[in-house]
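Secondary and tertiary structure notes
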Amino acid sequence: MSARTRVTMIPGDGTGPELAAAAMKVMDAAGVGIEWDIQKAGADIMEEAGTPLPEKVLESIRANGVALKGPITTPVGHGFRSINVLLRKELDLYANLRPARSIEGVKAPYKGLDLVMVRENTEDLYSGVERMVDPDHAESIKIITRAASERIAHFAFDYAAREGRKKVTAIHKANILKMSDGLFLECARKVAEEYPTIEFEDRIVDNMAMQLVQKPQLYDVLLAPNLYGDIISDLCAGLVGGLGVAPSGNFGDHIAVFEPVHGSAPKYTGMNKVNPTAIILSGALMLRYLGEEAAADRVYNATAAVIGEGKTVTYDLGGDAGTSQMADAIVEKMDSLR
Ligand code: NAD
């Protein structure tokens, strides 16, 4: 990048601001000129702005085209709707990308895994079409459209082609949900024909869950509608050590928002305690998106090296370093890897 690139940073709430500070420190040290456009959203801005998602946050993301975001607390059962869901809807971030890659030094059931989940982000049972028919009878509608299914399948295959991946596995329950999941599968099969060099297969979701626990090495890129993608991507995160190290990206046609998968861990707010790995690796995904592959690799390799050494890591990785100390160790490691 020759000129400085403006990136929207949404620190979030709870432990979000500490994590955002750690991520910015590491991204700044990666040698890419990022100008941070810091925008507040979530519980902390609610009183001041009257809304947890002020319009200027959306305007900033639309103008910059790219954002890095800390976690935001969603009140349970009352209060405002999930900001994450709102952002995805407002910006039409239709693809959720969740890599699950083993890192040496992270306690996990498997080593050497490199899976990626591509999850449809806009429809399925998350469309919000629900009603109480009567006090004892509730209904939720599962919506699957050809347009959204073909769009996400193209995203998965384009990603696989770009990243030199070998295989896409579509996940469904078309044996029971013959129309909705049947349509999703039909679209995946049709799109697969356009990518003859990438192997395509499909799995019924329950079998997929078992296979991933027993032989995850057999899988590469996974493609799923919203609900199965949500559940199976957490399963994949568990295979490589859990949410503390799980990054993600949400993509529209011209906008991308990167964020850790975990929540705001409110009980640790202000304690400089939580693990910054997931937001830093989300930042590395962002650098790749911006075409800064070398910087992305530096950030990833330095983070993996610090975790591998196990000396300056947070409590969940068996250490006693704080969030900021771990970020400092990653910055130092990047300098020594140059
Ligand atoms: P959480 O992910 O915040 O915490 C679950 C457990 O993991 C806790 O024990 C926590 O201490 C630990 N943990 C989480 N992140 C960690 C980190 N980086 N390092 C070390 N330990 C970590 O999940 P929760 O408690 O269910 O949710 C808290 C809030 O976050 C809720 O309001 C939820 O809606 C919200 N949330 C937001 C997002 C997002 O903004 N993308 C995602 C998930 C949950």
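Our subject in this report is the structure included herewith. Since this is a predicted model, take the numbers as computed values, not measurements. (Residues numbered from 1 in each chain as written. Predicted model: local features only at pLDDT ≥ 70, side-chain atom pairs only at ≥ 80, totals over all residues. Heavy atoms only, no water.)

Time to look at the site of the ligand. Around the ligand, the surrounding shell holds 19 residues, and the nearest of these are Ile72, Thr74, Gly263, Ala265 and Tyr315. Between the ligand and Asn84 there is a distance of 3.1 Å, counted from an oxygen atom to a side-chain nitrogen or oxygen. Within the backbone of Ala265, one N or O atom sits 2.8 Å away from an oxygen atom of the ligand. Contact with the protein chains removes 67% of the 810 Å² of surface that the ligand exposes when unbound. (Near = heavy atom within 4 Å. Polar contact = N/O pair within 3.5 Å; in protein donor to acceptor, adjacent residues only side chain to side chain. Areas by Shrake-Rupley, 256 points an atom, 1.4 Å probe, with all protein chains shown as cover.)

Grouped together as the largest cluster of nonpolar side chains are 73 residues, with contacts concentrated most on Val26, Trp36, Leu223, Leu287 and Val299. It is helix H1 (residues 16-29) that contributes the most residues to this core, eight residues altogether. When residues are assigned to domains, this core turns out to be shared by domain 1 (1-94 + 243-338) and domain 2 (114-239), each giving three or more. When sequence neighbours within four positions are dropped, the list of residues in contact with Trp36 reads Val7, Met9, Met24, Met27, Asp28, Leu68 and Met286. Counting residues in hydrophobic clusters, the runner-up holds 17 residues, among them Leu113, Leu212, Tyr228 and Ile232. (Core = buried A, V, L, I, M, F, W, Y, C linked by side-chain atoms within 4.5 Å. Buried < 20%, exposed > 50% of the residue type's maximum accessible area, 1.4 Å probe, protein only. Helix = DSSP H or I, 4+ residues; strand = E, 2+ residues; numbered from the N terminus. Domains from an automatic or database assignment. Contact = heavy atoms within 4.5 Å.)

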